[in-house]
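Spelled out, the chains give:
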Amino acid sequence: MAKRKRLTPFGAPEGEDLPEIVAPSVRPPIADMAGASAATAAMEEMAATFRAAREGGRLVLSLPLDQVEAGYLVRDRIASDPEEMAALVESLRARGQQTPIEVAQIGPDRYGLISGWRRLSALRQLAAEGAETVSVLALLRKPDQASDAYVAMVEENEIRVGLSFYERARIAAKAVEAGVYPDDRAALRALFASASRAKRSKIGSFLAVVRALDGALRFPESIGERLGLQLAQALEADTGLGPRLAADLAARPAPDAAAEQARLAKAMQPAKPSLTAVTETLEPVPGLRLRQEKGRVVIEGKRADAALAQRLADWLSAQTW
C-alpha cells in the first residue's frame, strides 16, 4: 500500500514533520433537508393536535373576562342565592377557579357563555373588587345548532344545582320564542330528554304560569310543584286570572317568596258572594226592571218614576203582612 505523502508548506524547513492536514467532513445537503422536513411535520402534527383538542373541548383556555358574553343564551337560572354566591366568591378568592366554564366562539375574540354563569359572575365580582383575576378558564364547545347549546346549559345546571319547575318551563318557553324549537312539545322533548314523561308533563303545565306571570313574579323559582300545577289549572279555567294577577303583583310587589305564594293561593280561591250580589232580575213590563238583591228589591228603568213609586207605596200599605 502506497504511503500517504505529507504536504510541506512552501518555505518550511526540510525534514520537519508537520501535522497531517485532514479535509473537514462535509454533511450531505439531503440530510439537512430531511431533518428540516421531519421537524416541520412534527410541528404541524403538534399544531393539528392542539387545534383538535381546543375545538373538541379538551383544552382549557384562559380567556379575558370581557371577551365572554353572559347573555349569549337566555339563562335558565333566574336568580342565585346570595349566600351561595358569597360562598362561591370566597372559594374562588382562596383557591382560584377549579372547574372551567363552557363557551362557544361567536366572533374574533368573542365567546358566548353556554354554562358556568355563577362562576363567571363570581369572577367578575372579584375583578370589580380589585382582585388580580381578570381571566376565566373555559372549555370551547362547538354546538352544531343553537339547540345543542341550550341542551348543554340545561344539563349542566340540572347536574350541579337543579332547576325549579318554573325555571325549566321558562327556558323551554324562551327557546321556542327564539325560534330554537318549533313548539313547546319539541322544546320539552329536546331539553329534558332524560326526564320521565310525567315530569315533562308537569314542566309543560308550568308553561301557562310562565307565559301569564313572567316578569310580574319576584320569586318565581320558589313556586313549588303543587302550587304551580294548581295555578296552571286556574289560569286555564279563567282566562282573566292571569292579567288580574299580573296587574296586582306589579302594583303591590310581594316582599318575600312566602307572601307572593300566599297571594297566588288567595287569588285562586273562589270569590265569596257579596251581600249585594244579584240573585234575580225580572222585567215585568217593557221599560221596567225588577232586580232582587240580598236584603232589597230594586226597581229601575224609564217607567220607574214618582207616580210608580206612589202606586207601589199605596199597594204595599194595603197588604196584610
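Computed from a predicted structure; not experimentally measured. Each chain carries its own residue numbering, running from 1 in the written order of its sequence. In keeping with the model being predicted, local features are shown solely for residues with a pLDDT of at least 70 and side-chain atom pairs are shown and tallied solely at 80 or more, while totals for entire chains, interfaces and linings include all residues. Here the side-chain values reflect all heavy atoms present in the structure, with hydrogen atoms and water set aside.

Undergrad: Please clarify how the overall build of the chain should be interpreted in this entry.
TA: Of the regular secondary structure elements, the chain holds eleven helices and eight strands. Scored against the burial criterion, the 321 residues of the chain give a buried share of 30%. Contacts are residue-level and defined by heavy atoms, with any inter-residue pair within 4.5 Å sufficient. In the chain, the proportion of contacts linking residues at least 24 apart, taken out of those at least 6 apart, comes to 64%. Numbering of helices and strands starts at the N terminus; helices are DSSP runs of H or I of at least 4 residues and strands are runs of E of at least 2. Relative accessibility thresholds used throughout: buried, under 20% of the residue-type maximum; exposed, over 50%; partly exposed, between the two (1.4 Å probe, protein chains only).

Undergrad: Can you walk me through the nonpolar core in this structure?
TA: The nonpolar side chains of a soluble globular protein tend to be buried, and buried together. We call a set of buried Ala, Val, Leu, Ile, Met, Phe, Trp, Tyr and Cys residues a nonpolar core when their side-chain atoms join them within 4.5 Å. Among the nonpolar cores identified, the biggest contains 42 residues, and Y150, Y181, L191, F192, L213 and L264 are the most heavily contacted of them. For this core, the secondary-structure elements that each account for two or more residues are α4 (146-160), α5 (165-177), α6 (184-191), α7 (197-213), α8 (225-237) and α9 (241-251). Ranked by the residues each element gives to this core, the list is headed by α5, at eight residues. Residues in contact with L264, not counting those within four places in the same chain, are L213, L217, I223, L227, L231, L245 and L249.

Undergrad: Hey, could you run me through the confidence of the model for the chain in this one?
TA: Segments scoring low in pLDDT should not have their predicted coordinates read at a detailed level. pLDDT expresses, on a scale from 0 to 100, how confident the predictor is about each individual residue. For the chain, per-residue confidence averages 80 on the pLDDT scale, and 73% of positions sit at 70 or higher. Per-residue pLDDT, averaged within each element of the chain, yields its smallest value for helix α1 (residues 29-55) (62) and its largest for α7 (95).

Undergrad: Even after reading the chapter, I still don't get the sheet that holds strand β3 (residues 101-107), so can you show me in this structure?
TA: Sheets are built from strands that pair by backbone hydrogen bonding, the pairs being arranged parallel or antiparallel. DSSP calls a pair of strands paired once it identifies at least 2 bridges connecting them. With mixed pairing, the five strands of this open sheet are ordered in space as β1-β5-β3-β4-β2. On the outer flanks of this sheet lie β1 (60-64) and β2 (68-69), each paired with one strand and no other. Note that β2 and strand β4 (residues 110-115) share two bridges and pair parallel. For V68, the partnering residue across the bridge sits in β4 and is Y111.

Undergrad: Is there a simple way to think about α7 in this case?
TA: Each α-helix turn comprises 3.6 residues. Residues three or four places apart therefore point the same way. In this analysis, the expected span of each helix is defined as 1.5 Å times one less than the number of residues it contains. The end-to-end C-alpha distance of α7 is 25 Å, a good match for the 24 Å that 17 residues give at a rise of 1.5 Å each. R200, I203, F206, L207, V209, V210 and L213 are the residues of α7 that are buried. Packed against the buried residues of α7 are α5, α6, α8, α9 and α10 (257-268). Positioned one or two residues after α7, G215 has a phi angle of 100 degrees, which is positive.

Undergrad: Looking at this structure, I do not really get the packing of aromatic side chains. What am I missing?
TA: Pairing of aromatic rings covers Phe, Tyr and Trp, the last counted by its six-membered ring, and requires centre-to-centre distances within 6.5 Å; plane angles under 30 degrees mean stacked, over 60 mean edge-to-face, and any other angle means tilted. Here the structure, examined in full by the defined rule, presents one aromatic pair. Summarising the aromatic geometry, the rings of F165 and F206 are spaced 5.5 Å apart at their centres and angled 20 degrees between planes, so their arrangement reads as stacked. With F165 in helix α5 and F206 in helix α7, this pair connects stretches of sequence that are 41 residues apart. The class of F165 is buried, set by a relative accessible area of 13%. Residue classification places F206 among the buried residues on the basis of a relative accessible area of 0%.

Undergrad: Looking at this structure, how should I read the pairing of β4?
TA: Consecutive residues of a regular strand have side chains that alternate between opposite faces of the sheet. With five of six residues buried, β4 lies mostly within the body of the structure. Looking at chain direction, β3 and β4 are connected through five bridges and run antiparallel. Bridge assignment links V103 to a residue of β4, and that residue is L113. Hairpin geometry of β3 and β4 is characterised by an intervening segment of two residues between the two adjacent antiparallel strands and by a positive phi of about 55 degrees at D109.

Undergrad: Looking at this structure, how should I read a nonpolar patch on the surface?
TA: Patch definition: residues above 30% relative accessible area lacking any salt bridge, with like charges linked at up to 9 Å and the nonpolar side chains Val, Leu, Ile, Met, Phe, Trp and Tyr linked at up to 5 Å. Where accessible areas are quoted, they stem from the Shrake-Rupley method and a 1.4 Å probe; at the residue level, only the protein chains shown are allowed to cover. A pairing counts as a salt bridge when a side-chain nitrogen of Lys or Arg comes within 4 Å of a carboxyl oxygen of Asp or Glu. On the surface, a nonpolar cluster with roughly 440 Å² of combined accessible area is contributed by V297, I299, L312, W315 and L316. Sorting the residues of the nonpolar patch by element identifies β8 (296-300) and α11 (306-317) as the ones contributing at least two each. No other element matches α11, which puts three residues into the nonpolar patch. Within the secondary structure layout, I299 lies in strand β8.

Undergrad: Honestly, the packing of α6 against α7 in this entry has me stumped. Any pointers?
TA: Angle between the axes and distance between the axes are the two parameters that describe a pair of packed helices. Between N-to-C directions, angles cover 0 to 180 degrees, with each direction set by a line fitted to C-alpha atoms, over the stretch in contact for helices. Direction vectors running N to C along α6 and α7 enclose 130 degrees, while the axes themselves pass 11 Å from each other. Comparing the axis directions of α6 and α7 gives the class oblique. Relative to α7, the crossing made by α6 is right-handed. Contacts from D184, L188 and R189 of α6 reach α7 at R200, I203, G204, L207 and R211. For this classification, Asp, Glu, Lys and Arg are treated as charged, while Ala, Val, Leu, Ile, Met, Phe, Trp, Tyr, Cys and Pro are nonpolar and the rest, including Gly, are polar. Classifying every residue of the contact of α6 with α7 by side-chain character gives three nonpolar, one polar and four charged. Each angle receives one of four descriptions, namely roughly parallel if under 35 degrees, roughly antiparallel if over 145, roughly perpendicular if within 65 to 115, and oblique otherwise. If you view the pair so one helix is near and one far, a crossing is left-handed when the near helix is turned anticlockwise from the far one by less than a right angle, and right-handed when it is turned clockwise.

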